[in-house]
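The lines below spell out each chain.
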Amino acid sequence: MHATDLQRDKVSRLVTWGHWFAFINGLLAAIIAVRYVKLLGWPDTLLAQFYSVITLVGHFSFVSFLLYLLFLFPISLILPYSKILRGYAAIMATLAHMVLVYDILVFDHYRLHLNPFVFDISFADLPKLISNPWLLVAPAAMLALQLLLANGLWKRIERLARRSWGGKIATVMISLFLGSHLLHIWADANVYQPIVQQDEMLPLHYPATARSFMASRGIVDEETLAERETSAQPTKQLTYPTKPMQCVATPAQPVLLVTVDALRRDMITPETMPFLSEWAQGTHVFKNHYSGSNEAGQGLRSLLYGLLPAYEASLLADQKSPVLTTELAAKGYSLVAVGVAGSQLEPSTQLALQSFTLKQEQPFDSAAQRDVQTTDQALKLLQPDDNKLALLVQYHAPSVYSTPVGYVGLPTVKPELDINEAQAVLFNQYRSSLKFLDGQLARLLSKVNSNTLVVVTGNNGQEFTSLHNTLSRNFSDATTGVPLMIRWPGDVGKQISYPTSHYALAPTLLTNLLGCGNNPGEYSLGDSLYAPSTLDFLVAGNRRYVAIKTKDSTTVIDKHGDYRVYDNGHHRIRDAKLDAPTLLKVMGENRRLFAN
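Conventions adopted
Counting restarts for each chain, with residues numbered from 1 along the sequence as it is written. It should be noted that, the model being predicted, local features are given only for residues of pLDDT at least 70 and side-chain atom pairs only at 80 or more, the latter also being counted only at that level, while totals for whole chains, interfaces and linings use all residues. Working from all heavy atoms in the structure, the side-chain values ignore hydrogens and water. Only runs of H or I of at least four residues qualify as helices and only runs of E of at least two qualify as strands under DSSP, and these elements are numbered from the N terminus. Exposure classes here rest on a 1.4 Å probe applied to the protein chains alone. A residue is buried below 20% of its type maximum, exposed above 50%, and partly exposed in between. The accessible surface values rely on the Shrake-Rupley method and a 1.4 Å probe; as for residues, cover is taken only from the protein chains in view. Should DSSP find at least two bridges between two strands, the strands are taken to pair. Angles here are taken between N-to-C directions and fall from 0 to 180 degrees, while the axes themselves are lines fitted to C-alpha atoms, restricted in helices to the stretch in contact. Only Phe, Tyr and Trp rings are paired, with Trp represented by its six-membered ring, and only when their centres lie within 6.5 Å; those with planes under 30 degrees apart are stacked, over 60 edge-to-face, the remainder tilted. Consider the ring centre and the ring normal. A charge sits over the ring if Lys NZ or Arg CZ is within 6 Å of that centre and within 35 degrees of that normal.

**Student:** So what exactly am I meant to see when it comes to the overall build of the protein chain here?
**Tutor:** Scanning the protein chain from N- to C-terminus turns up 23 helices and 14 strands. With the C-alpha coordinates aligned to their principal axes, the bounding extent of the protein chain is approximately 100 × 55 × 50 Å. Taking all 596 residues of the protein chain together, the buried fraction comes to 51%. Approximately 28200 Å² of the protein chain is accessible, and the part contributed by carbon and sulfur atoms is 59%.

Next comes the structure, spelled out in structure tokens:
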């Protein structure tokens, strides 16, 4: 019995020592992690500064205690020998802190935390990451510190136990942890950007939100949340543009931008779209053009901004409208959009269209009826002598295979594509929807004056499936390959075969239409439609995935860093290796415009 009591007392001392060891290492991790705050910039408001401090301490105290429960507590029970446990704890703590330091280095370079994808890429860039000499001695120094801490605590464990500080400290740490999450719930519901913009700052940090709960209880509604997002106090995460725009006076000419949801490049033929096919002969046709997304909303934003998906959240937080629309407005253009449902738009799309007057839509029963009404509205706005009109016309029927009631579409044909019978039905309905759309384009474009700059393109492509989860990961040519046709007044038609993308339209218009002399890289990806891209990759994305397309393959990455590689036929390549040099270029482009 006495031996049992001694063993229990020994284990109790080890557990008490482990708690203190975890607590001090949590504080040490919080001190090291101050580097994250420095990288993003110290918050401007007192409340956000308070949140940063309590989040650092509370989060890393929690993580440290969790690591203790996983790696030290079981050893305390299995091998209750203090020397073994102290040495083991010192090694594990050293490893944990070195992983934290490495994550800081990765975050500094890529603005991402470690995950399977980032680890593979950062390992390829290792010499650049650990270029500082002190990093070579950091592991040995940390191990020495941990051994000193472990032995020092063991010698003083009884004195610490007698003072009964453990319960008070635990209460404070739990309060800080819970308090930071409660404060974030409030900040998220009120779109308080100085706090919300810190969401991605720390590794393994998933701040609590309660929007869905509050919406379901009637505390706040989705429309109010959307209004708060668009009216929130802007942050200063980006330098966009990096230099003031330098635009000279140019002759005014009206601009018509026609965008279509789900318009595949390979489906524009004389059979499906006879008018557009003939009209295109007098335009600049970009035969190998791509959208910046397989979703319509983000595709439109890539067209207007010319920026990669990595900047979307920061553009919204900074409340930055596209340079293209800002400069059009500065030149005195009247920006008007038809076919756009203002109240149903994502906050990012509302921001992208902030400079536009969104014409109210009439009630409609189908997307086809909506498109007819859109054409009617656009024709009323086109004025022969209005050289300062920039009109955005958006069509939607092909995205849902819509045609008017009683519409006689194209005869059914056997698809040449490798699709099943159910997909073949969608394929033929899509053809009929395109034929209907062609009629609307004929109504609109035949009434446009010859001095009008006209751009016709798709926001995204279309795959013949109703499985959204499968479609959201599909960044094949079918879902991202879209037409682009530009009619420059007084110019002749020509075809351009090298790859181009939506990211190049804004720089092209700013340079050729508005006379802006800035380097396009100061406000966009840096490409022009009239020169082959200097980049050997294309980045596309949506709310769940980012895809990096090269000549031979497409790498699709989710938010957790898991990735899949596909060939050009969208067949998965098992055990494929990442193209590290290309991905490092993407990482560099993804952070080029960040202020910190």
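**Student:** What exactly am I supposed to notice about the sheet that holds strand β14 (residues 563–566) here?
**Tutor:** What links the strands of a sheet is backbone hydrogen bonding, and the strands pair in either a parallel or an antiparallel sense. Pairing is antiparallel across the open sheet formed by 4 strands, whose spatial order is β11-β12-β13-β14. Two strands lie at the open edges of the sheet, namely β11 (538–541) and β14, each paired on one side alone. Pairwise comparison of adjacent strand axes, ignoring direction, gives a mean angle of 20° for this sheet. Examined bridge by bridge, β11 and strand β12 (residues 545–549) share 4 bridges and lie antiparallel to one another. Of the residues in β12, the one forming a bridge with Val539 is Ile548.

**Student:** Mind showing me how you'd approach the pairing of strand β4 (residues 334–338) here?
**Tutor:** Within a regular beta strand, the side chains point alternately toward one face of the sheet and then the other, so they alternate between its two faces. The buried fraction of β4 is high, at 4 of 5 residues. Bridge count for β4 against strand β6 (residues 389–395) is 5 bridges, and the pairing is parallel. Bridge pairing in β6 places Val338 opposite Val393.

**Student:** When you look at the packing of aromatic side chains in this model, what are you seeing that I'm missing?
**Tutor:** The geometry of two aromatic rings is summed up by the distance between their centres and the angle between their planes. What the rule picks out here adds up to 16 aromatic pairs. Ring geometry for Trp186 against Tyr192: centres 5.5 Å apart, planes inclined by 50°, an arrangement best described as tilted. Judged by relative accessible area, Trp186 falls into the partly exposed class, the value being 38%. The class of Tyr192 is partly exposed, set by a relative accessible area of 22%. Taken together, the ring pairs connect Tyr401, Phe427, Tyr430 and Phe464 into an aromatic cluster. The positively charged end of Arg13 is found above the aromatic ring belonging to Trp154, 4.6 Å away from the centroid.

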